[in-house]
Amino acid sequence: MQFIIDCWNSVMGDPTWFYLITTIAKLALMFILLLLFVVLSVWIERRIAGWIQDRPGPNRTGIPIHLLQRFGSKEKQPLKKWLEYFGVPANSWIAKLCTWLRLDREIPLFGLIQPMADGAKLFLKQEMTPSYVRKGFFIAAPMFVLGPPLIAAAVLPFSSSVDTCYGAINMCVANLNIGVLWIFAFSGLSVYGLTLAGWASNSKFPFIGGLRATAQLISYEVAMGLSIIPLLMMFSTLNLQEIVQNQAENGWTLVPLWGEGLSLQRWVLLLPMCISFLIFVTSVFAEANRTPFDMAECETDLVGGYHTEYSSMKFASFFMGEYVAMVVGSALVITLFLGGWSIGLGADVCLADWAKAAAITGSDQAATCWQSILGCCAGWIVVLLQFVAFIVKLVAFVFFFVWVRWTLPRFRFDQVMKLSWLVFFEIAVINILLTAAILYFIQ
Amino acid sequence: MKTSTTFDMPDASGVLDYMKNNAHDSGDLVTLNVGPSHPATHGVLRLKLVIDGEVVVSCDPVIGHLHRGMEKIAENCHYNQYVAYTDRFDYLAPMSNNIAYACAVEKLMGWELPERGQAIRVISSELSRLSSYFLGLGVYAMDVGAMTVFLYCYEEKEKVHNFYEKICGARFTSSYTRIGGMTRDFPEGFDKDILDFCESASKTIDEMEALLLHNKIFIDRLVGVGVITREMALSGGMTGPNLRASGVARDLRKTNPYLGYEKYEFDVPVAQEGDCYARFQLRLEEMRQSIRILRQAVAMIPKGPIWVQLDKGILPPKKDVMQGMEELIRQFMVSTQSVNAPAGQVFFAAENPKGELGFFIDSKGGGVANRLKMRSPSFGSLSILSDLLPGHLISDIPAILGSFDFVQGECDR
């Protein structure tokens, strides 16, 4: 035992190993989190769509209990046995409630199994590759769609940093000083996926879809990039962790209600920030290829757009890529404009101070048992709270995404392009000048 | 394990020239084949488009994929048997077709329904108009990307189908009318059902108006798109709401009233613009008028018989059949040979949800038509596609097709 602890201490004491191990742990966490969130957002989408459209949505899919028999259980009616075990009579209201909840047939999870069932279905589908496609690109295209948003997510901070006895852990996979640029660089890459899919399919509907996707994504990349320049000017950094830290201390970009956020300059800057927010959110919609901007795959005129010829897991990759882009886009919006992991109202600073104080008290010789335990955990508790805040905001924004999708009709392609080049581009440029003027004249 | 299968399709897309993307990149025109199985074509319409980028250069609509020889079938079965086939014309408003057909044959016979029978037919045809418009508008909204409205509309349509089920046993293929009457009378308490439906339907119409009609994206997409001028509409033989949206106030319920439509107060909305937006707006307004007619009809419906009161041609009451020789013979004759129509020719058109559904019947006497010719409104709507579509974008096609609210079953017969 002692030997293991010594080993652990010597490995973690080495800054290189410490960095490597923590990074891999964060990477795994982020990857699993993102993919789980994609699955969850599919479920959220379908349930909310059902809610909006006066129908239940997938609410029944559970884990069937007869699966237990597959794994060796001899019990035919487990519910009956469990009720007998607890001494509940078979005709009592508890038993009736359990039957009503279909507990005799399955373990219901509010339909949460549905996305997994969908995934399994897509995985087991026969994969058809038409004979006339350009094979290499046809296979590569889905990877280009799914990969880049996952890579781009690496710089998103999901919590503040925590001090351990081996050193500080920064709660984002890669704390780059060019975080924003990283995201733009990689999310821009997914254009290749759509273009290649459209071109490699060697069929007309996908081809038009691919062309539309290319034009649309490139146009909105411009608007998106220009729209956040005012924000970067305000924070004077490209490091996303620092931007969020700044917001936690001095008020979120759109809610400057504490710290330095109460200054006149920040309140005047609200105007350009709101403009940026509108342009940025719209561009995220366009980048994620979702209604009202799903030009590239609008099923009523292009059948399926660029993924018409795809089936099985290749299609699922496009599908997931869209959702990953949506989740990453939402995370980016809340990171830049709504304080990321910050709990808000100055609570982060208080919590950080509390954690520091608790750590100092806990390391004291006179500390009680509880105080020392709290001293160890305080930092982690704060990080966890902030993580929960991040997830809550993310879910709220994903809800917004879904809400818009099931409410608005679709744009026409030329209108989308006009909106980007004739409206957003100009406004974004003016917005930059406006912000510069505000920063210069109002101190 | 081999996970991927490559399919050679010798008779399909692989070899067909128009399916291949072999346009030269120096700006050749591309032939795009939309349909016959395509989400926007509502059935099996095929459009052979020539496109220049996103712009349609020419359009060649190919119809007939759903041709079932309906007119020929009419020559081989007697008038009452053919009612069941009329369900399949405009399968979104089967009741209207039944009524139009029955009215045409009754015109040939020179019969007039009693008051209650007429009122029942008016209520049924207005209900089916509402159900067809609800579906048409919902699908139209879905074509321009607003999925949710479709489901709201479908809920209302289901209510109409529930009512169908109560009055004739079938939800969809109603076959409600017979020559000279209806299979059965309305059930007790139908007025409450209909008034409830009117209530919820007007709410849904208001909702649709709020969700779509004042929606910026929706307006931008549809205003000025697919403009059909008055002349184009008339020369193409368009009828119904599509014609009225182009500025022609022609509604058969007003111009040549049948089934006692002159007794009800309603307006014929007319729009002058002739674009997709006008057609949407006009349909919403017509639904309101239909609800108005329904409310009046329910209030005014008299008591009495629903069948033509004659000794021949209609089924006798079942009670009498069990006891009387004469009635038994009559039941046998009506079931096997239907009515004994006089020789002659007759044309009757009814204002159906899709437009004017006309039946031309040439009779040489007896229970079977010598020739039945149908004038289908969807055919008129689709015939101007090749003039209308050039110059529009590909994205406009679903909007334009949706705004026509056509049904292939009726166009192809």
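All values derive from a computational prediction rather than experimental measurement.

1. Quick word on the domain arrangement of chain B
Residues and elements named next belong to chain B. Assigned domains of chain B: these are domain 1 (15–62) and domain 2 (70–412). With 16 residues of domain 1 at the contact, the number on the domain 2 side is 17 residues. Counted by class, the side of domain 1 that touches domain 2 contains 10 nonpolar, four polar and two charged residues.

2. Overview of the interface of chain B and chain A
Much of the literature gives interface size as the accessible area that the parts lose upon coming together. Of the residues lining the interface, 34 residues belong to chain B; the matching set on chain A comes to 33 residues. Every element with two or more residues in the side of chain B that touches chain A is listed here: β1 (4–7), β2 (30–34), α4 (115–143), α5 (147–168), α7 (216–222) and α16 (396–404) of chain B. Along the lines of polarity and charge, the residues of the side of chain B that touches chain A split into 17 nonpolar, 11 polar and six charged.

3. Some details on the packing of helix α7 (residues 135–152) of chain A against helix α8 (residues 179–200) of chain A
All names here are of chain A. Relative orientation of the contacting elements α7 and α8 amounts to 160°, with a least axis distance of 8 Å. The orientation of α7 relative to α8 falls into the category roughly antiparallel. Seen along the crossing, α7 lies across α8 with a hand that is left-handed. A breakdown of the residues in the contact of α7 with α8 according to their chemical character gives 21 nonpolar, three polar and no charged.

4. With respect to the nonpolar core
Of all hydrophobic cores here, the largest spans 208 residues; its most connected members are Val327(A), Val333(A), Cys103(B), Ala104(B), Val105(B) and Ala350(B). Examining the composition of this core, we find that 16 residues originate from one element, helix α14 (residues 312–337) of chain A, more than from any other. The residues that make up this core include at least three from each of domain 1 (15–62) and domain 2 (70–412) of chain B. In this structure, Ala104(B) is in contact with Val346(B), Phe348(B), Phe359(B) and Ile361(B), ignoring residues within four places of it in sequence.

5. Observations regarding the environment of Met273(A)
Residues and elements named next belong to chain A. With respect to the helices, strands and loops of the structure, Met273 is situated in helix α12 (residues 264–287). Taking the number of C-beta atoms within 10 Å as the measure of exposure, Met273 has 24 and is therefore buried. As a C-alpha pair, Met273 and Leu231 span 42 residues in sequence and 6.7 Å in three-dimensional space. Residue contacts for Met273: discarding those within four places in its chain leaves Pro230, Leu231, Thr253 and Leu254.

6. Some remarks on helix α17 (residues 413–441) of chain A
Residues and elements named next belong to chain A. Its 29 residues place the ends of α17 41 Å apart at the C-alpha level, agreeing with the 42 Å of an ideal helix rising 1.5 Å per residue. Buried within α17 we find Phe413, Val416, Ser420, Phe424, Ala428, Asn431, Thr435 and Ile438. Contacts made by the buried residues of α17 are with α9 (204–227), α10 (229–235) and α12.

Rules of the game
Residues numbered from 1 in each chain as written. Chains lettered and ligands numbered in written order. Predicted model: local features only at pLDDT ≥ 70, side-chain atom pairs only at ≥ 80, totals over all residues. Domains from an automatic or database assignment. Contact = placed C-beta atoms within 7 Å. Nonpolar A, V, L, I, M, F, W, Y, C, P; charged D, E, K, R; others polar. Helix = DSSP H or I, 4+ residues; strand = E, 2+ residues; numbered from the N terminus. Axes fitted to C-alpha atoms, helices over the stretch in contact; angles between N-to-C directions. Parallel < 35°, antiparallel > 145°, perpendicular 65-115°, else oblique. Left-handed = near helix turned anticlockwise from the far one by under 90°. Core = buried A, V, L, I, M, F, W, Y, C linked by C-beta atoms within 7 Å. Buried ≥ 20, exposed ≤ 12 C-beta atoms within 10 Å, placed from the backbone. Expected span 1.5 Å × (residues − 1).

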